[in-house]
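One-letter residues, chain by chain:
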Amino acid sequence: MGAMVGVTTSAVAAHDSKNPTITVIAAIVAAVAISRVIVAYSLPYRKQGNTKLLERVFETGAFSYATALGTLAAACIALDAPTIIQLMTFTAAIGYGAGISARNAGRLPIAIGQLMLSITPACIVLISKPGIAPRFLAASLALFALAMISIAVNVFRVLRNSIAAAETSSRLAEKMQVLARSDVVTGLLNRAGLNHHLAEQLPKIDPDKKFALFWMDLDRFKEVNDSLGHQTGDKLLAEIASRLKACAPSEATVARFGGDEFIVACEMTGRREVEQLASRMMDEISRPIRIDDDRLEIASSMGIALLPDDGEDFDTLMQGADLALYRSKVNGRKQVTFFDPSMTRNLVRRREIETELRLALQRDELSIFFQPLVDLETGRIRAFEALVRWFHPEKGELRPDEFIPVAEETGAIITLGNWITAQAAKAAAQWPEDITIAVNLSPLQIKAPGAALGILSALRDAKLSPARLELEITETVLLDHSQNTENFINELADAGVRFALDDFGTGYSSLGYLNKYPFSKIKVDRSFVSGINQGKKSDAIIRAVSGMGATLGMEIVAEGLETIEQVRAVSEAGCTLGQGYYFSRPVPDYLAAMLLAKERESASGKTRRRG
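Below you will find a few notes about this structure. (Residues numbered from 1 in each chain as written. Predicted model: local features only at pLDDT ≥ 70, side-chain atom pairs only at ≥ 80, totals over all residues. Heavy atoms only, no water.)

1. Points about the overall build of the chain
Which entries qualify depends on this criterion: Runs of E in the DSSP output that reach at least two residues are strands. Runs of H or I that reach at least four are helices, and both are numbered from the N terminus. Atoms counted for the radius of gyration: C-alpha only. Globule rule: 2.2 Å times residue count to the power 0.38. For every residue, the accessible area (1.4 Å probe, protein chains only) is compared with the maximum for its type, and the residue is labelled buried under 20%, exposed over 50%, or partly exposed between those bounds. Here a residue-residue contact requires only that any non-hydrogen atoms of the pair lie within 4.5 Å. Accessible areas in this description were obtained via Shrake-Rupley with a 1.4 Å probe; residue shielding takes into account the shown protein chains only. Only four residue types enter the charge count, namely Lys and Arg as positive and Asp and Glu as negative; His and the chain termini do not. Charged side chains are reduced to one point each, which is NZ for Lys, CZ for Arg, CG for Asp and CD for Glu.
Within the chain, the secondary structure is distributed over 22 helices and 16 strands. The C-alpha atoms of the chain give a radius of gyration of 45 Å, which is well past the 25 Å a tight globule of 611 residues would have. Judged by the C-alpha coordinates and their principal axes, the chain covers about 160 × 55 × 50 Å. By the burial criterion, 43% of the 611 residues in the chain qualify as buried. For the chain, the proportion of contacts with a sequence separation of at least 24, taken over those separated by at least 6, is 67%. Element-wise, carbon and sulfur atoms account for 56% of the exposed surface of the chain, whose accessible area totals about 31700 Å². Averaging the coordinates of the 67 positive side-chain charges in the chain and doing the same for the 71 negative ones gives two points 6 Å apart.

2. Notes on unusual backbone geometry
Of note, the amide linkage connecting leucine 307 to proline 308 takes the cis form, showing an omega dihedral of 5 degrees. Although it is not a glycine, aspartate 364 sits at a positive phi angle of roughly 60 degrees. Along the chain, aspartate 364 falls in the loop between α12 (341-363) and β8 (366-375). Not every positive phi belongs to a glycine, and lysine 463 is a case in point at roughly 60 degrees. Considering the arrangement of structural elements, one finds lysine 463 in the loop between α16 (451-462) and β12 (469-474).

3. A closer look at the sheet that holds strand β1 (residues 210-218)
Under the convention used in this document: In this scheme, strands are said to pair when DSSP sees at least two bridges between them. Angular values range over 0 to 180 degrees, each being the angle between N-to-C directions of two axes fitted as lines to C-alpha atoms, with helices fitted over their stretch in contact.
What the 5 strands build is an open sheet, ordered β2-β3-β1-β6-β7; its pairing is mixed. This sheet does not close on itself; its edge strands, each paired only once, are β2 (253-258) and β7 (336-338). On average, each strand axis in the sheet is tilted by 20 degrees relative to the strand beside it, whichever way the strands run. Summarising the sheet, β2 and strand β3 (residues 261-268) pair through 5 bridges and their orientation is antiparallel. Across the sheet, residue glycine 258 finds its bridge partner in β3, namely glutamate 261. Against the sheet, helix α7 (residues 191-201) touches β1, β2 and β3, its axis set at about 140 degrees to β2. Across the sheet, helix α9 (residues 230-247) lies against β1, β2 and β3, angled at about 5 degrees from β3, the strand it touches most.

4. Digging into the pairing of strand β9 (residues 381-392)
Summarising burial for β9: 10 of the 12 residues are buried, a large majority. Here β8 runs beside β9; their pairing, made up of 9 bridges, is antiparallel. Paired with valine 374 across the bridge in β9 is isoleucine 381. Here β9 pairs with strand β11 (residues 436-440) via 4 bridges, running parallel. Note that in β11 the partner of alanine 386 across the bridge is valine 439. Bridge analysis of β9 against strand β10 (residues 396-398) gives 3 bridges, and the strand direction is antiparallel. Bridge pairing links tryptophan 390 to leucine 398 in β10. Hairpin connection between β9 and β10: a loop of 3 residues separates the two successive antiparallel strands.

5. Regarding the pattern of salt bridges
The condition that has to hold: A pair is scored as a salt bridge if a Lys or Arg side-chain nitrogen falls within 4 Å of a carboxyl oxygen belonging to Asp or Glu.
Enumeration according to the criterion identifies 22 salt bridges in this entry. Across the pair glutamate 297 and arginine 295 runs a salt bridge, and its minimum N-O distance is 2.7 Å. Three or more residues joined by partner-sharing salt bridges are found here, namely Glu385, Glu472, Lys523 and Glu559.

6. Examining helix α4 (residues 83-103)
Inclusion rule: Multiplying 1.5 Å by the helix residue count minus one yields the expected span of that helix.
Helix length check: α4, at 21 residues, gives a terminal C-alpha distance of 30 Å against a target of 30 Å (1.5 Å per residue), a fit within 8%. For α4, the set of buried residues is Ile85, Thr89, Phe90, Ala92, Ala93, Ile94, Tyr96, Gly97, Ala98, Ile100 and Ser101.

7. Points about the packing of helix α14 (residues 412-428) against α16
Applicable threshold: Roughly parallel here means an angle under 35 degrees, roughly antiparallel means over 145, roughly perpendicular means 65 to 115, and every remaining angle is called oblique. Left-handed describes a crossing whose near helix is turned anticlockwise from the far helix through less than a right angle; right-handed describes the clockwise counterpart. Nonpolar residues are Ala, Val, Leu, Ile, Met, Phe, Trp, Tyr, Cys and Pro. Charged residues are Asp, Glu, Lys and Arg, and all others, Gly as well, are polar.
Packing of α14 against α16 brings their axes to within 9 Å, and their N-to-C directions diverge by 30 degrees. For the element pair α14 / α16, the angle class is roughly parallel. Crossing hand, α14 versus α16: right-handed. Contact residues: α14 offers Thr421, Ala422, Ala425 and Lys426, while α16 offers Ile455, Ala458, Leu459 and Ala462. Among the residues making up the contact of α14 with α16, the classes are represented as 6 nonpolar, 1 polar and 1 charged.

8. A look at the pairing of β12
It is a general feature of regular strands that their side chains alternate between the two faces of the sheet. Most of β12 is tucked away, with 5 of its 6 residues classed as buried. Pairing of β11 with β12 involves 4 bridges; the strand directions are parallel. Within the sheet, the bridge partner assigned to alanine 438 lies in β12 and is glutamate 470. As paired elements, β12 and strand β13 (residues 498-504) share 5 bridges and run parallel to each other. Counted as the bridge partner of glutamate 470 is arginine 498 from β13.

In structure tokens form, the structure reads like this:
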């Protein structure tokens, strides 16, 4: 539109003035205007992205047009063209200079240059004219130019400050986004960063490849934090992160998902490559780490899920890897497990059990059964172990190995364990005073606030002497070296409660536990009696444990006895007590009472016959 006004103005000026000089200048104005329009719409050089060339072309056209338009106005005044022509060309030049000074304020030299080139020629001519009016008009134009330059400078500053503020805000926003998606300890992506990154990556996956997600959980990391402090723990996490980045493919996504969990995700050519990478990462994690003066050894459990094999989206992939990781930990840790569809079915099953278990306590669907511990020398019952049984009204009897792990995962084991202790104590209170009751404790029960107080309260309510209660704990409870665990054991031991070390020989068996804690009994795991490991070696182990128990004044219990041969073998090996189906299956409380009554009656009859 500006070019059209310039062309029209120059044409009218040439036509009405009939002056050859004005006509030539008018032609130049029109030519420059038309050329600028053509260049602006064609711009073949724009494809090359040469901004400097673009600016030079624009400057040349802008300065040429301003000069031509300003010269036309000056020529019309100098050559005394008709007044209306002088007014028209003068107005066009002044208006162009004023408008362009604000429009091009982002490039201040161009804006001021165009303004001055469009106004200066007319100012020079007006100064040369006789009289006050032309010179006053020239002075006004000079002031007008200064005012427009001031406006252009102000606009330029506003633009510059706005752009600087926008750039600063953009940098801050990017920095905040990076911080929001990064883990401060390791520098890896955090959970939010992982979710965002994978959401962008998944649509780009090569359909001929597999996308693998490795989910790792450091084993026993809590011990490092508790024993060496969180600073050492953070350094350990940073070192693990560095090792994972070093051994993962360069294009892999590596993230700390939270706590001591890490995730690596990347494209793989096949399952074999996935297995190789998993093995490398497990080896890297398990390499000893030197932090300050401490030499640390830590292992990891890993779960793996693959796209498209195990799902079609990110959420399904994460769920699969999580389930596979859970299976690795349940199976003994330090393992790599690939997702299998059966894990999803197991998850659904666990969720059903979780929901129904909470209702089962309210509906009295749970029962306590008792299995006797028999003196191998006399054949008499010395104690009973309390075992929980669940008789579901629709699904029938549910095995403890189905619902106990679920109760431990969900925390329901605390309520369940307290209920078992209370019920067992009530039943034992009805038995002869020389018969004790053994109850298994979960690690979560021990760590729960007020755990010892709850057990002592159950004993008081049942009117059962603390000396008749024996709490069985596994070595995994002691691995955390927790002060809470030590306080729990000491408080109950001081009250008279006895403790037994359960499943001895299956975990991190340590003689230090026997020396540190007040155990009065050791239960040798059933795998040494009736498992696949039964043989000369297991017999030697039983003899060694029995000898140690005799020296320390502890009783040794052999679990899982099913045949007379096994009973004789463990008795000869030095075990003092036996437990298993050979003697009795777990029975309800009334049958336990009948077993005791029958045994006492039989013993009484023998005594009378001897008399």
